[in-house]
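For reference, the chains in residue letters:
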Amino acid sequence: MSPSAVAQLPQHDMGLAKIDMKGKGSSNGHTNGVNGVKKPEFLLDRNLHKTFPLVTRGKGNYLQLADGRTIFDATSGAAVSCLGHGNERVIKAINKQLTTGVPYLCSSYWSCDVVEELCKELINGTGGEMSRIYLTGSGSEAMEASIKLARQYFYEGDKNTPRVNIIAREGSYHGNTIGALGVSGHVARRAPYEPFLMKVHRVSACNAYRQRRERESDASFVARKASELEAKFQELGPETVIGFVCEPVVGAALGCVPDVPGYLTAMRAVCHRHGALFILDEVMSGMGRCGTLHAWQAEGAAPDLQTVGKGLGGGYQPIAAVLISDKIVSSLSNGSGQFVHGQTYQAMPIQAAAALEVQKIQREENLIKNVQVQGAYLEKRLKSLLGGHPNVGDIRGKGLFWGLEFVKDKQTKEPFDTKLGVAQRVHDIAIAAPFNMTMYPGTGTVDGIAGDHVIIAPTYIVTREEIDHITKVVAEVVQLVFEKIGDV
Ligand SMILES: Cc1ncc(COP(=O)(O)O)c(C=O)c1O
């Protein structure tokens, strides 16, 4: 498709005219550039070399821009807005909490019903596998808290515990604070801070597309991964290991790479054999995103500690959590009684009110069923439209969490030259007219530097017709980007 043909592609309407978007198309005085594009002047934005379109409103799956365009949010932001934008029930719950006059309470002095209710909702969602919840303001903070809690679990029993080592995986992302980044195997995000980061030991990711041997079964592949972890324990001395941390479906670092069935169970067995903790980071893959409330529930491999974030509050408040199993809670309650940690903004009533409503809506409206149904359709459509594309190496994911990995050569799986910025190009073209849709780009998919992918992660309220729209746009954008790259 030539660039001029792109201009002739129909604007994807999707019945947007029916949506009440007050302020649609208005120039509201916030724009200081052309066509509603605002160059940030005061915020230290994600990229000072770029401009970002100005958003004025959101409703359901759509975002309204100041330049008059309506964008279809096919990624729920960064896999966050699981209920879509502007949900009336959540807004009402937040307002109700505000009117009590206690959006914030000092968690060292007080308790609060709405916070307790949220924690109960979360514990119930684990089928009783977890017994307490620690609430934070972000996924990074939750990961930070979980590794400190893991260490304190052993420290409570023995102040001289030799347990000092954490094992995590290559090609992982667990957050940007120094501790969480230390656990992360995301090469590019670590690079500037490498001298600050704590020593964390690594095993390989569980990436069937790139690592499975010819004719290797799931069981043999998983056994190979478990032996690798066992060897790492032996290398470090099993009595020195605090625990093993992984994402059940790797989000931003690898582009929705799911663990092979049986993997979590096998890795948990290795940890428990040595008295170490099995820790899951479900900040991106959890809270329904993969078609079960918790990703580990697909194979019943409950962790000792688990983090959740993004979909917990659905973007209505900054909130994340550590889900804590009884053995860890008991070590604290039989010991010092205190987790040696804490932040000003933790377990805030306003955060809890929002997250509780998000979780109730998800449960009452059985939205996880919709994740399963539309997720299966999304997979089918993506594979049928793009499975044969010479530059789409792999289409993988679970639920409404799907990644496309791009390759220069489908046979050898060779990635594109990083200079081409393939994933970013896909994003830039998708978000511009006439496509007007988000696609979440990521790089470093192969070795932390090279490799490109995009993530598609629609809201849990997405319909079949909207999946048709999303997949049609994805296919058109991919087609266009690689035709253009072919011309370079
Ligand atoms: C798996 C995973 N863990 C942790 C984090 C960090 O969460 P936050 O950005 O809320 O700090 C992220 C964020 O993308 C994530 O994907």
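Values in this document were obtained by computation on a predicted structure and should not be read as measured data. (Residues numbered from 1 in each chain as written. Predicted model: local features only at pLDDT ≥ 70, side-chain atom pairs only at ≥ 80, totals over all residues. Heavy atoms only, no water.)

### Considerations on the overall build of the chain
Part 1 of the argument: On a plain count of helices and strands, the chain comes out with 15 helices and 18 strands.
Part 2 of the argument: Against the 2.2 N^0.38 benchmark of 23 Å for 488 residues, the chain shows a C-alpha radius of gyration of 23 Å, consistent with a compact globule.
Part 3 of the argument: Projected onto the principal axes, the alpha-carbon positions of the chain cover approximately 70 × 60 × 40 Å.
Part 4 of the argument: Counting only residues that meet the buried cut, the chain has 56% of its 488 residues in that class.
Part 5 of the argument: Within the chain, contacts between residues at least 6 apart in sequence are counted, and of these 72% link residues at least 24 apart.
Part 6 of the argument: Entry remark: accessible area of the chain is about 21,000 Å², with carbon and sulfur atoms responsible for 53%. (Helix = DSSP H or I, 4+ residues; strand = E, 2+ residues; numbered from the N terminus. Rg over C-alpha atoms; globule rule 2.2 N^0.38 Å. Buried < 20%, exposed > 50% of the residue type's maximum accessible area, 1.4 Å probe, protein only. Contact = heavy atoms within 4.5 Å. Areas by Shrake-Rupley, 256 points an atom, 1.4 Å probe, with all protein chains shown as cover.)

### Some details on the pairing of strand E3 (residues 55–59)
Part 1 of the argument: Relative to strand E4 (residues 62–65), E3 is paired through four bridges, and the arrangement is antiparallel. Residue pairing for E4: Val-55 is matched across the bridge by Leu-65.
Part 2 of the argument: Counting the residues between successive antiparallel strands, the hairpin from E3 to E4 contains two residues, one of them, Gly-60, with a positive phi of roughly 55°. (Pairing = 2+ DSSP bridges.)

### Description of the site of the ligand
Part 1 of the argument: The local shell around the ligand consists of Ser-138, Gly-139, Ser-140, Tyr-173, His-174, Gly-175, Glu-247, Asp-281, Val-283, Met-284 and Lys-310.
Part 2 of the argument: Here a nitrogen atom of the ligand sits 3.4 Å away from a polar atom, N or O, in the main chain of Tyr-173.
Part 3 of the argument: Within the side chain of Lys-310, one N or O atom sits 3.1 Å away from an oxygen atom of the ligand.
Part 4 of the argument: When the free accessible area of the ligand is taken as 390 Å², the share hidden by the protein chains comes to 84%. (Near = heavy atom within 4 Å. Polar contact = N/O pair within 3.5 Å; in protein donor to acceptor, adjacent residues only side chain to side chain.)

### A short note on the side chain of Ser-184
Part 1 of the argument: Assignment of secondary structure puts Ser-184 in the loop between helix H6 (178–183) and helix H7 (187–190).
Part 2 of the argument: Looking at Ser-184, its side chain comes within polar contact range of the main-chain nitrogen of His-174, at 2.8 Å.

### Brief notes about the domain arrangement of the chain
Part 1 of the argument: On domain assignment, one finds that the chain holds domain 1 (3–86 + 367–487) and domain 2 (89–364).
Part 2 of the argument: Just the C-alpha atoms count here: the centres of domain 1 and domain 2 sit 28 Å apart.
Part 3 of the argument: In this complex, domain 1 contributes 40 residues to the contact, which on the side of domain 2 involves 35 residues.
Part 4 of the argument: Roughly 3,000 Å² is buried in total at the junction of domain 1 and domain 2, and carbon and sulfur atoms are behind 59% of that figure.
Part 5 of the argument: Between domain 1 and domain 2 we count one salt bridge in total.
Part 6 of the argument: Counting across the interface, domain 1 meets domain 2 through 17 residue pairs in polar contact (both at pLDDT 80 or more).
Part 7 of the argument: Secondary-structure elements contributing two or more residues to the side of domain 1 that touches domain 2 are helix H2 (76–79), helix H13 (367–386), strand E15 (392–398), strand E16 (401–406), strand E17 (440–443) and strand E18 (452–456). (Domains from an automatic or database assignment. Buried area = accessible area lost by both parts, 1.4 Å probe. Salt bridge = Lys/Arg side-chain N within 4 Å of Asp/Glu carboxyl O.)

### Some remarks on the packing of aromatic side chains
Part 1 of the argument: Inspection of the entire model under this criterion finds seven aromatic pairs.
Part 2 of the argument: Aromatic ring contacts, followed pair by pair, group Phe-406, Phe-416 and Phe-482 into a single cluster.
Part 3 of the argument: Geometry around Tyr-209 places Lys-413 over its ring, the cationic atom sitting 4.4 Å from the centre.
Part 4 of the argument: The cationic tip of Arg-464 hangs over the ring face of Tyr-377; the distance from NZ or CZ to the ring centre is 3.8 Å. (Phe/Tyr/Trp six-rings, centres within 6.5 Å; stacked < 30°, edge-to-face > 60°. Lys NZ or Arg CZ within 6 Å of the ring centre and 35° of its normal.)

### Focus on the sheet that holds E15
To summarise the sheet geometry, strands pair through backbone hydrogen bonds and adopt either a parallel or an antiparallel arrangement.
Part 1 of the argument: Strand order in the open sheet made by the four strands is E15-E16-E18-E17, with antiparallel pairing throughout. The open sheet terminates on both sides in strands that have one partner only, identified here as E15 and E17. Strand after strand, the sheet turns through a mean of 20° between neighbouring axes, direction not considered.
Part 2 of the argument: In this structure, E16 lies alongside E18, joined through five bridges in antiparallel fashion. By the bridge assignment, Phe-406 is partnered in E18 with Asp-452.
Part 3 of the argument: Set on the sheet, H13 makes contact with E15, E16 and E18; between it and E16 the angle comes to about 20°. (Axes fitted to C-alpha atoms, helices over the stretch in contact; angles between N-to-C directions.)

### Here's the deal with the sheet that holds E4
Part 1 of the argument: Strand order in the open sheet made by the three strands is E3-E4-E5, with antiparallel pairing throughout. Looking at which strands have only one partner, the edges of the open sheet turn out to be E3 and strand E5 (70–72). Neighbouring strand axes in the sheet, compared pairwise and without regard to direction, differ in orientation by 25° on average.

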